[in-house]
Amino acid sequence: QVQLVESGGGLVQAGGSLRLSCAASGRTFSNYAMGWFRQAPGKEREFVAAINWSGGITNYADSVKGRFSISRDNGQNTVNVQMNNLKPEDTAVYYCAVRPYDISPFVYAYPHWGQGTQVTVSS
């Protein structure tokens, strides 16, 4: 059974940084795409970033381009997102997700999800 566990969330001031990590277990993920999504109160879950199986292809939401950087370590079955220059509008619960094969920005394309980690950015 696939399990995804996020960590690294917290409270940070605007302009600060956080690094989220997601540990995956239950199978081999070297041929899986991995992604990060977020959901703010009262809003739909939205795409943040994704990375393909090799780490050679990444995709970012326009709102985080130039500020967030996604990476993965297939040996450790982890995916990380470095978040810099955080803004209050980045406040949300951040979720890790995995899917077989190619990356996708769509929530429905990911069959496996973590429980989420809260990120709060104060102004």
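Residues numbered from 1 in each chain as written. Predicted model: local features only at pLDDT ≥ 70, side-chain atom pairs only at ≥ 80, totals over all residues. Heavy atoms only, no water.

Enquirer: Please set out the overall build of the protein residue by residue, giving values where relevant.
Expert: Summing up its helical and strand segments, the protein has zero helices and 11 strands in all. Listed by position from the N terminus, the elements making up the protein come as β-β-β-β-β-β-β-β-β-β-β. Relative to a compact globule of 123 residues, whose C-alpha radius of gyration would be 14 Å, the protein shows 13 Å and is just as compact. Counting only C-alpha atoms, the protein reaches 40 × 25 × 25 Å along its principal axes. In the protein, which comprises 123 residues, the proportion classed as buried is 41%. Looking at the protein alone, contacts between residues at least 24 apart form 59% of all its contacts between residues at least 6 apart. On the protein, roughly 6,300 Å² of surface is accessible, and the fraction owed to carbon and sulfur atoms is 47%. Distance between charge centroids for the protein: 2 Å, based on 10 positive and 8 negative side chains. (Helix = DSSP H or I, 4+ residues; strand = E, 2+ residues; numbered from the N terminus. Rg over C-alpha atoms; globule rule 2.2 N^0.38 Å. Buried < 20%, exposed > 50% of the residue type's maximum accessible area, 1.4 Å probe, protein only. Contact = heavy atoms within 4.5 Å. Areas by Shrake-Rupley, 256 points an atom, 1.4 Å probe, with all protein chains shown as cover. Lys, Arg positive; Asp, Glu negative; His and termini not counted. Charge placed at Lys NZ, Arg CZ, Asp CG, Glu CD.)

Enquirer: Which residues make up the sheet that holds strand E1 (residues 3–7), and what values go with them?
Expert: One open sheet accounts for four strands, arranged E1-E3-E8-E7; its pairing is antiparallel. Of all the strands in the sheet, the pair left with one neighbour each is E1 and strand E7 (68–73). Here the average twist between neighbouring strands, direction ignored, is 15°. Here E7 pairs with strand E8 (residues 78–83) via six bridges, running antiparallel. Pairing of Arg 72 across the sheet is with Val 79, part of E8. (Pairing = 2+ DSSP bridges. Axes fitted to C-alpha atoms, helices over the stretch in contact; angles between N-to-C directions.)

Enquirer: For the environment of Val 119, give the residues involved together with the corresponding values.
Expert: With respect to the helices and strands, the residue Val 119 is situated in strand E11 (residues 117–122). Residue classification places Val 119 among the buried positions, given a relative accessible area of 0%. Considering only alpha carbons, one finds Val 119 and Thr 28, 91 residues apart in sequence, at a separation of 28 Å. Once residues lying within four places of it in the same chain are set aside, the contact partners of Val 119 are Gly 9, Gly 10, Leu 18, Leu 20, Met 83, Asp 90, Thr 91, Ala 92 and Tyr 94.

Enquirer: An account of the pattern of salt bridges is needed here, citing residue identities and associated values.
Expert: Under the definition given, this model contains four salt bridges. Here Glu 46 makes a salt bridge to Arg 38, at a shortest N to O gap of 2.7 Å. On the basis of relative accessible area, Arg 38 is assigned to the buried category, the value being 5%. A salt bridge links Asp 90 to Arg 38, with the shortest nitrogen-to-oxygen separation between them at 2.9 Å. Here Asp 90 is found in the loop between E8 and strand E9 (92–100), whereas its partner Arg 38 is found in strand E4 (residues 32–39), with 52 residues between them in sequence. For the pair Asp 90 and Arg 38, one class covers both residues: buried. (Salt bridge = Lys/Arg side-chain N within 4 Å of Asp/Glu carboxyl O.)

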